[in-house]
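Examination of the molecular architecture
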Amino acid sequence: MKLIPGAVISYVVLAAAVDAHISRGSLSPQDGHYSKQGMSEYQYRRRATISNAADMASLTDPSQECQEYNYPSSKALSGKYPGYGIANIVDGDDQASKVWSEIQKSGIIPNSVQKKGATSHHYGISDQSSNSYDSDKDPDCWWTATGCTKPKHDNIGSDLTACPEPNTWGLTFDDGPNCTHNAFYDYLSQQKLKATMFYIGTNVKDLPYQAQRGLADGHDICVHTWSHRYMTTLTDEQVFAELYYTMRIIKDVTGVTTRCWRPPFGDVDDRVRAIAAGLGLRTIIWSHDTDDWNITPDGDLSTSKIDSNYQSIIDKQTQNKLDGHGVNVLTHELTLNTMGEFQKEFPKIKKAFANVVPLTACFNVTQPYVEDSYQYPIFSEYISGNVQPRGVPSLDGMPEIQVGSEMTIVPEKQQTGQGGFSSASKPATSSDSTSSSEASALASGKSGVSADEKEARNKSSAYTVTYSFLSLLVPILMTLTLTDF
Ligand SMILES: [Zn+2]
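An account of the accompanying structure is given in this report. (Residues numbered from 1 in each chain as written. Predicted model: local features only at pLDDT ≥ 70, side-chain atom pairs only at ≥ 80, totals over all residues.)

Judged by how many residues are buried, strand β7 (residues 327–332) sits mostly within the fold: six of six residues are covered. The alternating pattern of β7 places Val327, Val329 and Thr331 and Asn328, Leu330 and His332 on opposite faces, both of which are buried. With two bridges joining them, strand β6 (residues 288–289) and β7 adopt parallel strand pairing. If you follow His288 over to β7, its bridge partner there is Val329. Handedness of the β6-helix α14 (residues 303–318)-β7 crossover: right-handed. (Buried ≥ 20, exposed ≤ 12 C-beta atoms within 10 Å, placed from the backbone. Helix = DSSP H or I, 4+ residues; strand = E, 2+ residues; numbered from the N terminus. Pairing = 2+ DSSP bridges. Right-handed = clockwise from strand over helix to strand, strands pointing away.)

Below, the structure is given as structure tokens:
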């Protein structure tokens, strides 16, 4: 089988680097930051002075930013989440078990798609699995093998890739929140830039105030899994847990329930997509890659190589080689170097591309979250300067971090309202003071919440997680007899 070059590099070279970056952002001694083990009692006392997201955002010294800190719910949260390894459902977590059981019962997971073989610690695909896969037929729509983004199985939306708007750079940063990001987020604010942030669950749990800043600054937050592994190599339950606990920590920390995710290394197939869709998550890949994660000194590529990767994307725009659409670029909030690299390149990007926008604007998504009180600007609004979403709390107005907050999960195909990430969602036309769905519904005398979402929310349950799969179940059962389940 032929692997996509980027993916080959990823799994051959990245194992050690990923291990380092996902465990605690850039908290490695060579960065001059403090390791967990190296903290003195004085430092422990000092970290307690950080008590909210505004305090954290005001720090300018990266070594201070990367001090560990306690927050009111930190102990309570610990028992409710997996550790730093591959996620599984936590013992006694009845909410997660219930959601998982409903996804399984719904029949959305295609049982013809096998788990792929893994290299060490699931940071790559085994040669045996790669070689034995029929990439000509590509029955699993396995991106790592073929770049496939249009599922071969029913009831799963296609992956989102290039930004459809011409002359437009879709701005995305993976692997955050990073403890050293204040200067970078300050820069984005100064430049009036919003981005789509793909956060790693363990980072959100360790760095909740930094995650809150992402929302408060007007970025949109998506899931980037709990432990950053090759997802196609994990069991069904592990795939579920990697996504579910990342959604849950983002909800507990920021109050929003995300509807989008990006697979680490792009490693996704129809089995993984289906489980994500069951959780209400749309799969987002990228159209262009900078390989910035591999920049020296943490990685193997020189700064000039990463510069030229950026330049080749810019050249495609200036040479009219983008077929009338924009780009969705993979860049990282991984180290000070990856963040600095974007800042260095931005003037050139801005010169070549008329618009630099988050994916919400690219795809006219006004409601990236289940909670419809948050309203993001559509493309036309964003490029006319209305870049700030409505309903987002300010840095000093963030809600308390909650353990086990109520989280409504609506499967992807049931998200039929306006302006969502879902493939079943209707296009947004505006994000005026009331939500577009609310506005049209008010005009027709109905509630702005879609019937399916309403059903999901109204279903009272002994659990704080509510879940509705009934309306999806019938069509799935009907197609089961016709397909290869
Ligand atoms: Zn990543």
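This next bit is on the environment of Trp226. Relative to the assigned elements, Trp226 resides in the loop between β3 (220–223) and α12 (236–254). Residues Trp226 and Tyr81 lie 145 residues apart in sequence; the distance between their C-alpha atoms is 9.9 Å.

With that out of the way, let us pick up the pairing of strand β1 (residues 168–176). Most of β1 sits out of view: nine of its nine residues are buried. Bridge count for β1 against strand β8 (residues 355–357) is three bridges, and the pairing is parallel. From the neighbouring strand, Trp169 faces β8, where its bridge partner is Val356. Sheet topology note: the β1/β7 ladder contains six bridges and is parallel. Within β7, the position partnered with Trp169 by the bridge is Val327. Relative to strand β2 (residues 196–199), β1 is paired through four bridges, and the arrangement is parallel. Among the inter-strand pairings, Phe173 is bridged to a residue of β2, identified as Met197. Assessed by its sense of winding, the connection that carries the chain from β1 through helix α9 (residues 182–190) to β2 is right-handed.

For helix α15 (residues 336–352), built from 17 residues, the straight-helix expectation of 24 Å at 1.5 Å per residue is met to within 8% by its first-to-last C-alpha distance of 25 Å. In α15, a bend of some 45° at Glu345 exceeds every other bend along the element, and Pro347, a proline, comes one to four places later. Those residues of α15 that sit buried are Thr338, Met339, Glu341, Phe342 and Glu345. Those residues of α15 that are buried are in contact with α9, α14 and β7. (Expected span 1.5 Å × (residues − 1). Bend = angle between axes of the 7 residues up to and from the residue. Contact = placed C-beta atoms within 7 Å.)

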